[in-house]
Amino acid sequence: SCQISEAKQGQAQHLSPLSQSSQQPYGGRILENLHICSQIQFVRYCRSGRKQGPDAKLFIKDQKFKHVPVRIYQPKTPSAGRRKGIVFFHGGGWMFGNIRAYEKMCRYISKESDAVVVSVEYRLSPEHKYPAQLNDCLAATTHFLQTADDYGVDSARVIVAGDSAGGSLAAVVCQTLVGRQGFPKVCAQILIYPGLQAVDFNLPSYQQNAAVPILFREKAAFYFLNYLNGEASLLEEILQGCHVPVSQRLRYRKWISADNIAKEFKVRGYKPSVPIFCDDNVCEELKTVCVPEISPLLAEDTVVRQLPKTCIITCEYDVLRDDGLLYKKRLEDSGVPVTWYHIINGFHGIISFFDEGWLTFPSGKQGLDNIVRFIQSL
């Protein structure tokens, strides 16, 4: 893996998380050296998934909501009334992923829950830094809330959903809309193994699952930094925890602390980290990690209390597990109804493997079916 001393020799080394992983496809390096495409472009292509053909049970249409490309999935069967609508934000660390990569999942959700699904193609880092992704997701969501009738959707039954980085975006969109006037209220939010804070990368799940595929601890921090700054030169600092002043850490302990996580999630080993004094320059450069738009776990109580019904999916073998557990506690403490599904033998991204032939994981299918049941219950 690249060390900070090496990485500071050139920003280009920070543009792909694969440069810090033994899993890097050599094809990406070769094509980049030949100036054909960057490693990021190569990985995006590899992860984009196979193009799916027509679906006998769905109308599928690509269009734009304001400036944002979306794909809309509408059940063909007649409906007695207006359907539920789901705005879905894909995962991929704000750097990867697209509509096509989540085609199977969105089709399945639309058919099984008899809902209209809008899959959002937001801009990606490092070419587009925060808040570009959030702005795209907000624009798509508000447009759909205002035009839901055009798609046979009840605007009072619109759900915001996302997985991984998309789960983070979904959480922030819901928090932001709490304070927006003139829009119908979001009916519910579905957060699938979301990343909800960039303050502490030494929570129990980060320690226990640091080297568990497909999301390593180092890679999670790398994605956050590229989302914020378009590069990751402060990777070592954010992993050590010297990017947040001790005074702020103490202030946020009521929300981000291993003490708020049940004992059964710490039996695999957890060593409390010792607070490290913050480097003033690092703190200044990364001060946005503490804003709720980046770390929705830090939203004020007045906002959290107004959030809609929530479904949270967590996986035992996932560095982001504790983000979901801590948000679950915050929501429940604030009186927000929470439906929680924990995949005991699950890893980050497992739901995407619900229908991948020999790579299918039954637990992923069960997790997706639990999401469908939550939607049906609304």
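Along each chain, residue indices are assigned from 1 in the same order as the chain's sequence is written. Residues qualify for local features only when their pLDDT is at least 70, as the model is predicted, and side-chain atom pairs are given and counted only at 80 or more; totals for whole chains, interfaces and linings, by contrast, use all residues. To get the side-chain values, take all heavy atoms of the structure and skip hydrogens and water.

We now examine the state of the cysteines. Sulfur atoms of two cysteines make up a disulfide when they are within 2.5 Å. Tallied over the full model, the rule gives one disulfide. Across the disulfide, Cys-278 is cross-linked to Cys-283 (sulfur-sulfur distance 1.3 Å). Its torsion about the S-S bond being 130°, the disulfide of Cys-278 and Cys-283 is classed as right-handed. Across the pair, exposure class does not vary: Cys-278 and Cys-283 are buried alike. Here the term buried applies to any residue with accessible area under 20% of the maximum for its type, exposed to any over 50%, and partly exposed to those in between, with areas from a 1.4 Å probe on protein chains only.

Turning to the packing of helix α5 (residues 132-147) against helix α6 (residues 165-178), a few remarks are in order. A fitted line through C-alpha atoms serves as each axis, taken over the contacting stretch for helices, and the angle formed by two N-to-C directions is quoted from 0 to 180°. Runs of E in the DSSP output that reach at least two residues are strands. Runs of H or I that reach at least four are helices, and both are numbered from the N terminus. In contact at an axis separation of 10 Å, α5 and α6 are set at 60° when each is read in the N-to-C sense. As far as their axial angle goes, α6 and α5 are oblique. Relative to α6, the crossing made by α5 is right-handed. Contact with α5, carried on its side by Gln-133, Leu-134, Cys-137, Leu-138, Thr-141, Thr-142 and Leu-145, involves Leu-169, Val-172, Val-173, Thr-176 and Leu-177 of α6 and no other residues of that element. Note on terminology: angles under 35 degrees are roughly parallel, angles over 145 are roughly antiparallel, angles of 65 to 115 are roughly perpendicular, and the others are oblique. By definition, turning the near helix anticlockwise from the far helix through less than a right angle yields a left-handed crossing, and turning it clockwise yields a right-handed one. Contacts: residue pairs with any heavy atoms within 4.5 Å of one another.

Let us look at the packing of aromatic side chains. Here a Phe, Tyr or Trp ring, Trp counted by its six-membered ring, pairs with any other such ring whose centre lies within 6.5 Å, and the pair is stacked when the planes are under 30 degrees apart, edge-to-face when over 60, and tilted otherwise. With the rule as written, the count across this model stands at 16 aromatic pairs. An angle of 15° between the planes, with centres 6.1 Å apart, marks the rings of Phe-65 and Phe-144 as stacked. In this pair, Phe-65 is assigned in strand β1 (residues 58-65) and Phe-144 in helix α5, connecting sequence segments 79 residues apart. Among the residues examined, Phe-144 registers a relative accessible area of 0% and is labelled buried. With 5.7 Å between their ring centres and 45° between their planes, Phe-88 and Tyr-102 make a pair best called tilted. With Phe-88 in strand β3 (residues 83-89) and Tyr-102 in the loop between β3 and α4 (103-113), this residue pair connects regions lying 14 residues apart in the sequence.

An expected span of 1.5 Å times one less than the residue number is assigned to each helix. For helix α13 (residues 321-333), with 13 residues, the first-to-last C-alpha span of 19 Å sits near the 18 Å given by 1.5 Å per residue. What α13 keeps buried is the set Arg-321, Asp-322, Asp-323, Gly-324, Leu-325, Leu-326, Tyr-327, Lys-328, Arg-330 and Leu-331. Immediately beyond the C-terminal end of α13, within one or two residues, lies Gly-335, with a positive phi of roughly 85°.

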